[in-house]
Every structure is written in C-alpha cells, then in structure tokens.
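A structural walkthrough
Take a look at the letters that make up each chain.
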Amino acid sequence: MSIAKQDIELLRLVTVGSVDDGKSTLMGRLLYDTKGAFEDQLQAVRKDEGEGADGIDLAQLTDGLAAEREQGITIDVAYRYFATPRRKFIMADCPGHEQYTRNMVTGASTANAAVILIDARKGVLQQTRRHTHIISLLGLPHLIVAINKMDLIDYDEATFLQIKEELSEFCARQNIHDLICIPVSALAGDMVVERGNNMPWYEGKTVLETLETIDVSGHLDENEFRFPVQYVSRPQTKELPDFRGFMGRIASGTVKPGDEIMQLPAGKRSKIKEIITFDGNLDEAFAPQSVTLTLEDEIDISRGDIIVHADKPPHTAKELEAIVCWMGEEPLSPHKKYLIKHTTNTVKAMVSDIQYRTDINELTQDESANELAMNEIGKVSLKLMKPLTFDRFEDNRATGNFIIIDSFTNNTVGAAMIC
Amino acid sequence: MIDKTMSQHKLTQLQELESESIHIMREVVAEFRNPVMMYSVGKDSSVMLHLARKAFYPGPLPFPLLHVDTGYKFQEMYEFRDWYVKEVGAKLIVHRNEDAISKGMNPNEFGVARCCGALKTGALLEALERGGYDAAFGGARRDEERSRAKERVYSMRDSFGQWDPKNQRPELWSLYNGRIHDGESVRAFPISNWTEMDVWQYIKEENIPIVPLYYAKERLMVERGNHLIPAENSQFLLEGEEPKRVMSRFRTLGCMPCTGAVRSSATTIEEIIEEASIATRSERETRIIDHGSNSMEDKKKEGYF
C-alpha cells in the first residue's frame, strides 16, 4: 500500500457524519488518493462510467455489509486502514445519526483524534453539537472538522469563517482545546489529500496533512503507573519450576526494576525485580507496552488486581459515579443488577440512582429521568459488590472506563466513564 | 528484532500493534476455559504464532494449534508446518473432513462453494466441536475484505458456529466481553488491526520463517481467466489447458486448485515488501472463493472464520 518504512507512528481516528454530509466520500477519497484501496476493490464498487469522482462511488468502498449497501446507509462501525510515508492510520468509521450514538461512542473509544463533517450549506447543526459533545465526553485530544461541500457554496471564505467561529465558541464550552477547521470538497478532492485550485484563500493544512502532523503520543507515559494484571504465568516446567510472572499491558506511566510497588485493592507491597519480554529484559517499560513483571517478594496477586507505584495509588471504592452511554435494547434501570468490566476485573454492580439524562441534542440535563434507553447518555451512581480500583476518566482514560454487561444475555449494554 | 532504541517512550506503529495483539491473546487465555489457535500455515498464521510465543514467554504456549487440512494444500505447506511446529515446540492438531475427502470432494466437479463448505467450514466446525474449544484464535485481518472491516476482535458465534453481522457486541477501549452461554464460542482475531504491509514488515523485522511459496521462482502454471493456477498436480487442469513455467509467487496460500499465483520476480522479503508497496490489486484477489457478491459475508454466516 504505502511506502515501506519502519519507524512510522500510529494514529487511531474516528470519523463521524451522516450520508448527507459526504463522509463516506471523504473517507473513500482518503483511501483512494493514498492508495488505501486496491484496484479490484474499486472495481467491485465501480459505478456507471462518468458518475461520481473518477467514475467510482467512493461511499461504496466503506459500506461493508450487504444490508448497508442495500439501504445505502452505514449501520455499524467499520475499521479502515491506510498509510502514508509518515504514519499509519486506523480509521473507525461511524454512522452519524442519533440512533447510532452507541456506534459513535464505540468508534471514539479507541481514537486519539476525531474527524467530523459539516455540510457548508447547512452550517452547525444539532447533530454537530451532539457529535462534538460525545468527542468531549470520550476525552479525545483533537477534533478536526471538515467543512464539506465547499464546491456547492462557490468556495466562499466568509461562510467558512462564520461556521468556524460558531464552532470555536461551542468547543470552548465543551472542553475541547484542539479544534481544527478545514474547508473541503470531498467530491472534488479539494483540501483532502490535494489542495486543489479552488481555495487559494485557505492557508492551513489539508485533512491528510493535519492527520499526519497532529500529536499522537497521548502522553500516556507521563501519567501515573498503572498495570492491570491480565494473567499470572506459572509454567511449572522443568526449566521454570518456580517462575511466577505477572503479565499485562501497561495502561499508563513507566516502570523500572527496583521500583516500589503496591498491589491493589489489597494493598500489599513489594519491589519490581525484572521486566521480562521475549526480546530480553528491559531497564524501563512504558505504556502501552505488553510485558511480564516479576517481584522481589512472594505476594498474592491474581488477574483483576492492579500494580501501581506505592506512592501514587488510584481510588479504591465500592461506590462510584459515571457518565454512561446506554447500548442495550432494554433500558438501563435502577435496582437491576449488572456486571461491569473494568480493566481486567469483572464485578457485580447495581445502579443506585440515575442523576440525570442528557438531552443529547439540546445538551440539557433532565434530573427526573428514571431510565436510560438505547443511545441515551446520562450520569448514574453505582454500588459494587466488592471494591474496585480506578481513576477518574479525566485523569486516566485507560483506568477510568468500564463496560456494562447484562448478566442474563451476556451482551455489552453500556459504556461508562468514571466521574 | 524491532529496534527498541528508536525513541524514548514512543512505540513505532508495529510495536504498538504487537503490544495490542499480545494483550488480546492474554485476555483470551485468561478468560476462556479451552482456547485453540487456528493455524493455516500461511504468513498471517506465522505472525500470529510468533506473537503468541512473545505473549506467553518465558512459558510455553498455553493452547494447541489446529490445522484444518483439506488435503489439497501444497506439499511445501505440509513440510513447513511439520518443521516449524516442532521448531517452536507447539502442540499441533490436524483435522480433516475424512468423510468428504474419501468421497472425492473437489472444486472442479462439486463447485468451489460446496468444496469449501465441506472441507474448510465443515471440517473447522467439526474440529472445534470435537475439541470442545470455547475460543479459537484466527489470523483474519480487517483490511482483507470489506465484510471483515466490521468484524469484532471477539467475534461471537452461536452453537452452530455461525456469525450474525447484526448481532455483534460493541467493543470499547480495550475491554473485550468474553462472556458466553454454553455451546456458544468466540473467534478471537488478535491481528485485526494489521494490514498486509504490516504483516510483511513484521516478518522482515522479526525474521519470521514463512513457506517458500511466498518467494518467486519458476513454477508450472496454467492461465485461467485472470488467474495463474498451479499445474503441478495435473488432476486439477481443465481440458485444453497447457502448463508452462512462469516466474511467480503466491500472495496468499490456500488450496492448490483454488489459489492463484502472481507473476513476480521477488525472491527476498525486501523485494516482496517493495512489490506489496506498489501493488494495485488486493491479495485476496487470487482467492477464487472470495468472488461473487457477498461471498465472504455469506461464508462467515455459515461458520467460516
């Protein structure tokens, strides 16, 4: 696909918009112009000669399932891949309609940047505010807004600036600090990958240049050390009769041999002995590396425990509050028992109170709500069967989130961010 | 080996993918009773197996490998499989649909769909049931084919092994919901987020052995439509087809009668990467089974991985 290069970085992004905004066309354009789609895949979606961009229905490239192509809509999150000499991109493509809020939350959960689309003729709509609010709830560091269909408003700069200003004001209130607005015609290809000749007044970066240059680090290593234990390795083989290693992926922070650590929730202390990997022991490890830790002392640690630096512990509690996006067919209701899965821990929980439901379009809070239906967002209080060790989502995305599971159907019915 | 010194506290995209895959494998092993790893002998399987060795080092692999053998694989694949599995010290289970094989199932007489249905999907479901596996790792990638772009890392299957695209669980952050009812199972795809190029790069950087069929050499082929079909076994030739020697290699490996080769002079991993980086056609184009509308989607619904 793209040029072979070893030290390129990864950017995970989420794209949101409805069919009418031309989102699929924008994505198709990125895939097509960066050669993220192959000839035979293009042939499979080629329309009648002369129609659309280069005779290809770019939207058809991204709608994967038969049901979606029949209905001409995107129902599910689709993951797309493309690369440039600078970066590899994993793009979660989400439908923009209100009834698919849960898909947007899903796509945004793994992303470091969001691309949302606005139809330049329509400006900032209710759905734009809804998308922006969700991006903010999920703590994404960057928001790129492609103001699309500039070709249909004669590439008018004043309209672009007006939309940009309105958005900036709204984003400031939503706690989004890195907002980038780009005037685009996805159909004509202006300012997506190529600059085109139609908007000489715009001096900023194209969509692709922006994606190639925004900060992707996420600064995970600067946060406190959190190591949720996934699996305790006890091979008991002839070569390793007594080996006991704690396997996991560092959720945040860094760790070194000799570090004083604490296991939570019980609070037992020890020191890091070794950081083991297949490629040799490490002098230092950092998020999001997967490693195996051994400790100086024989303390009891099992899956679900979290290893942290002894002087910087997270919270441990049996009650917590969280913003929940509901995804289940049956509404979330107080006093029903659920399971929550947080890091490597699964705990029984009960919703003790629904504090409010957010009107996702007006962004007002309804405190009289007594349930959350599918695609609704609200703040709830939870009581847990046993203590959970966690951070607040705004302090740590990795240890501040959990999913809610219906213990009868086993389905994932909610996504939650701890307040 | 991946260069760990590149920059402080920063992973390259391949290192990040590697860590994600290891995380997925450890989750599956921790949460399922009886996992198995599907091993197709191809390059993606080689990468997946390598990642599994890393995930559970210094311990041994905590699950067996399962090769669903149609009997129509290339000789080089069987030789490579037996050598490599021994080399890494894994336990291998080979399963064949002996009933269909003994009745002479083949793609030419019975059609590609029926042959695949019996020798691949049928045999796979039989093997999973016989082993009582509740989770099976597969090396599928989302970039391969458009119905796979919506596949989850944990793909839920009912008690018939079938996939329902409208009833898959949302997957958030790196939290995978592995709770299943009796009889249900999960297909876990640890290299979901890898592309073909990532796989080749990783094979190069990690020196992972692959079947020699991926490297170009002069091979006996016939041209059938747009496909170059291997002609070493004359039983699969159609009337009037004349085998000739063509410098070629395979981008993906499947069954001999149904896997096309491409003209190529790439004899080293660097040349393969070079070729893949300028390729304009997807690797699965050489798989006859994928063609026809919704082909992969339909097969997955029936239980294919």
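Preceding block: the structure.
Since we're looking at a predicted model, the values are computed, not measured.

So, about the sheet that holds strand β4 (residues 135-137) of chain B. Pairing between the strands of a sheet comes from backbone hydrogen bonds, and it takes one of two forms, parallel or antiparallel. Residues and elements named next belong to chain B. Taken together, the 6 strands give an open sheet; going across it, the order is β3-β2-β1-β4-β6-β5, and neighbouring strands pair in mixed fashion. Every other strand in the sheet has two partners, leaving β3 (92-95) and β5 (154-157) as the edge strands with one partner each. Direction aside, the axes of adjacent strands within the sheet are offset by 30° on average. With 3 bridges connecting them, strand β1 (residues 35-38) and β4 associate as parallel partners. Paired with M37 across the strands is F137, a residue of β4. Contacting β1, β2 (65-68) and β4, helix α2 (residues 43-56) runs over the sheet at an angle of about 140° to β1. Each of β2 and β3 is contacted by helix α3 (residues 75-88), which is oriented at about 155° to β3, the strand it contacts most.

Quick look at the side chain of D76 of chain A now. For D76 of chain A, the position within the fold is in the loop between α4 (66-71) and β2 (78-83). One polar contact links D76 of chain A to R152 of chain B, side chain to side chain, over a distance of 3.2 Å.

Residue and element names in this part refer to chain B. Along helix α8 (residues 269-278), the residues classified as buried are I269, I272, I273, A276 and S277. Taken down its axis, α8 places every buried residue within 135° of arc, on the same side. In α8, the exposed positions that point more than 90 degrees away from the buried face belong to E274 and I278. Where α8 is buried, its residues meet α7 (196-206) and β9 (244-249).

Residues and elements named next belong to chain A. Note that R397 resides in the loop between β20 (377-390) and β21 (401-405). Look at R397 and you get partly exposed, because its relative accessible area is 22%. Sequence spacing of R397 and L138 is 259 residues, and the spatial spacing of their C-alpha atoms is 8.3 Å. When sequence neighbours within four positions are dropped, the list of residues in contact with R397 reads A108, S109, A111, N112, L138, G139, L140 and P141. Separated by 3.4 Å, the side chain of R397 and the backbone oxygen of S109 make a polar contact.

How each quantity is defined
- Residues numbered from 1 in each chain as written.
- Chains lettered and ligands numbered in written order.
- Predicted model: local features only at pLDDT ≥ 70, side-chain atom pairs only at ≥ 80, totals over all residues.
- Heavy atoms only, no water.
- Pairing = 2+ DSSP bridges.
- Helix = DSSP H or I, 4+ residues; strand = E, 2+ residues; numbered from the N terminus.
- Axes fitted to C-alpha atoms, helices over the stretch in contact; angles between N-to-C directions.
- Contact = heavy atoms within 4.5 Å.
- Polar contact = N/O pair within 3.5 Å; in protein donor to acceptor, adjacent residues only side chain to side chain.
- Buried < 20%, exposed > 50% of the residue type's maximum accessible area, 1.4 Å probe, protein only.
- Arc of directions from axis to C-beta.

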